[in-house]
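A structural walkthrough
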Amino acid sequence: MPRSSRSNNIDRLLRDWAFEPGRPVVRRVVGEDGRELLQMRVDMGLLQLETTARPDGATPEGFPTYYDYLVSAAFQEGTEFALNAERQQEIDREFVQFYHRRICWLSLNEYERAAEDADHSLKLMDFSTANSEDRDWAMLHEQYRPFVLFHKVQATALTKLQDDEPEAAVEVIGAGLQSLAAIFARHGAEEHYEEDLFVVKLREMQESIKSQFHLGPTLAEQLADAIATEQYELAAKLRDRLARKAQRN
């Protein structure tokens, strides 16, 4: 059997960049054409990812991502559109690729880009669940919705903090907690919501921001308290303030 070319040997690269179990090891590099790339050290090797569009650099059927292709295909095929085994396999691949890049962005404190990749995964999940006749396959992805949503909320809140907007960060977390509550309710698992790890972590993050920046209750929290204590006139005023704020945003 012929020996591999010396240029194909990555022994030195792996030796000089150690894998660390339990911790993402990520770095930026520059490709031969000058484009920015991400590399993640994994056990027995490494992953190299593009920083824009699809992480593997592929353009499925000429589209930036497989999700973009699917949306177009659904429009073109109409009632004939179906997620067959081949399409399901490609969706699985894209979920994994965007997961790896999301972890890279979080490790590099690139929170806005992490939130964008999380949002892509959520949209792909929405599309898959809505269009798949294989409910078991759809649930393989749906079970990770709280995890992906947690990353999106966390990253978006940290982006707000980077922009020196702590109140906005607290509001993002509050909205995220409501979204998580809706997921648990949809699956009839409300009794597990309070003890869920992602819920606990987001609440801890929210309280930490409030404490650090000396913030009082948000408008949404004031509204919930007013309703709970039957202060309906105050609740009406708070609803108006929330509506005006939403319009401004």
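Everything discussed here concerns the structure shown above.
Here is a short report on the structure shown in this document. (Residues numbered from 1 in each chain as written. Predicted model: local features only at pLDDT ≥ 70, side-chain atom pairs only at ≥ 80, totals over all residues. Heavy atoms only, no water.)

1. Some words on the nonpolar core
One finds Leu70, Leu83, Ile91, Ile173, Leu180 and Leu202 to be the most contacted residues of the largest nonpolar core, which totals 49 residues. Counting residues per element, the ones that place at least two in this core are β2 (36-42), α2 (66-77), α3 (85-107), α4 (111-131), α5 (135-142), α6 (145-162), α7 (166-186) and α8 (197-213). Residue contacts for Leu180: discarding those within four places in its chain leaves Pro146, Leu149, Tyr193, Phe198, Val199 and Leu202. (Core = buried A, V, L, I, M, F, W, Y, C linked by side-chain atoms within 4.5 Å. Buried < 20%, exposed > 50% of the residue type's maximum accessible area, 1.4 Å probe, protein only. Helix = DSSP H or I, 4+ residues; strand = E, 2+ residues; numbered from the N terminus. Contact = heavy atoms within 4.5 Å.)

2. Description of the packing of α3 against α4
In the contact formed by α3 and α4, the axes pass within 8 Å of each other and the chain directions differ by 160°. It follows from the interaxial angle that α3 and α4 lie roughly antiparallel. By crossing handedness, the relation of α3 to α4 is classed as left-handed. On the side of α3, the interface is formed by Ile91, Glu94, Phe95, Phe98, Arg101, Arg102, Trp105 and Leu106, while α4 contributes Tyr111, Arg113, Ala114, Asp117, Ala118, His120, Ser121, Leu124, Met125 and Ser128. The residue makeup of the contact of α3 with α4, split by class, is 10 nonpolar, three polar and five charged. (Axes fitted to C-alpha atoms, helices over the stretch in contact; angles between N-to-C directions. Parallel < 35°, antiparallel > 145°, perpendicular 65-115°, else oblique. Left-handed = near helix turned anticlockwise from the far one by under 90°. Nonpolar A, V, L, I, M, F, W, Y, C, P; charged D, E, K, R; others polar.)

3. Concerning the environment of Pro64
Mapped onto the secondary structure, Pro64 falls in the loop between β3 (45-50) and α2. Owing to a relative accessible area of 42%, Pro64 belongs among the partly exposed residues under this scheme. Along the backbone, Pro64 and Glu165 are 101 residues apart, and their C-alpha atoms lie at a distance of 32 Å.

4. With respect to the packing of α6 against α7
Viewed as axis vectors pointing N to C, α6 and α7 meet at an angle of 170°, and their least axial separation amounts to 8 Å. When the interaxial angle is binned, α6 and α7 end up roughly antiparallel. For the pair α6 and α7, the contacting residues are Arg145, Pro146, Leu149, Val153, Thr156, Ala157, Lys160 and Leu161 in the first and Pro166, Ala168, Ala169, Val172, Ile173, Gly176, Ser179, Leu180, Ile183 and Arg186 in the second. Partitioned by chemical class, the residues of the contact of α6 with α7 number 12 nonpolar, three polar and three charged.

5. Concerning the pattern of salt bridges
Applying the stated criterion across every chain, the model contains 18 salt bridges. A salt bridge links Arg23 to Glu20; the nearest nitrogen and oxygen atoms lie 3.0 Å apart. The class of Arg23 is partly exposed, set by a relative accessible area of 47%. Here Arg54 makes a salt bridge to Asp56, at a shortest N to O gap of 3.0 Å. By sharing partners, the salt bridges in this structure join Arg54, Asp56, Glu90, Arg93 and Glu94 into a single network. (Salt bridge = Lys/Arg side-chain N within 4 Å of Asp/Glu carboxyl O.)

6. As for the side chain of Arg101
As for its position among the elements, Arg101 is in helix α3. If sequence neighbours within four positions are ignored, Arg101 has contacts with Leu38, Leu49, Glu50, Thr51, Thr52, Ala53, Arg54, Pro55 and Asp117.

7. Side note on the layout of surface pockets
Gaps left between atoms show up when a probe the size of a water molecule is rolled over them. Quantified by volume, the second largest pocket comes out at close to 210 Å³. Every residue lining the second largest pocket is listed: Asp92, Phe95, Val96, Tyr99, Arg102, Ser121, Met125, His141, Tyr144, Phe147 and Val148. Secondary-structure elements contributing two or more residues to the lining of the second largest pocket are α3, α4 and α6. Looking at which element gives the most residues to the lining of the second largest pocket, the answer is α3, with five residues. Taken together, the residues of the lining of the second largest pocket sort by class into seven nonpolar, two polar and two charged. (1 Å grid on protein atoms, 1.4 Å probe; cavity = no way out; pocket = protein on both sides within 12 Å on 5 of 7 lines; lining within 4 Å. Points joined across faces, edges and corners; volume = space filled by probe spheres on them.)

8. Notes on the packing of aromatic side chains
For any two aromatic rings, the description comes down to two numbers: the centre-to-centre distance and the angle of the planes. Under the criterion given, the structure shown has eight aromatic pairs. Measuring from ring centre to ring centre gives 6.1 Å for Phe63 and Tyr69, while their planes differ by 55°; the resulting arrangement is tilted. Given the relative accessible area of 15%, Tyr69 is considered buried. Look at Phe150 and Phe198: their rings are 5.0 Å apart centre to centre, the planes differ by 25°, and that puts the pair in the stacked class. Taken together, the residues span a long stretch of sequence, with Phe150 in helix α6 and Phe198 in helix α8 at a distance of 48 residues. (Phe/Tyr/Trp six-rings, centres within 6.5 Å; stacked < 30°, edge-to-face > 60°.)

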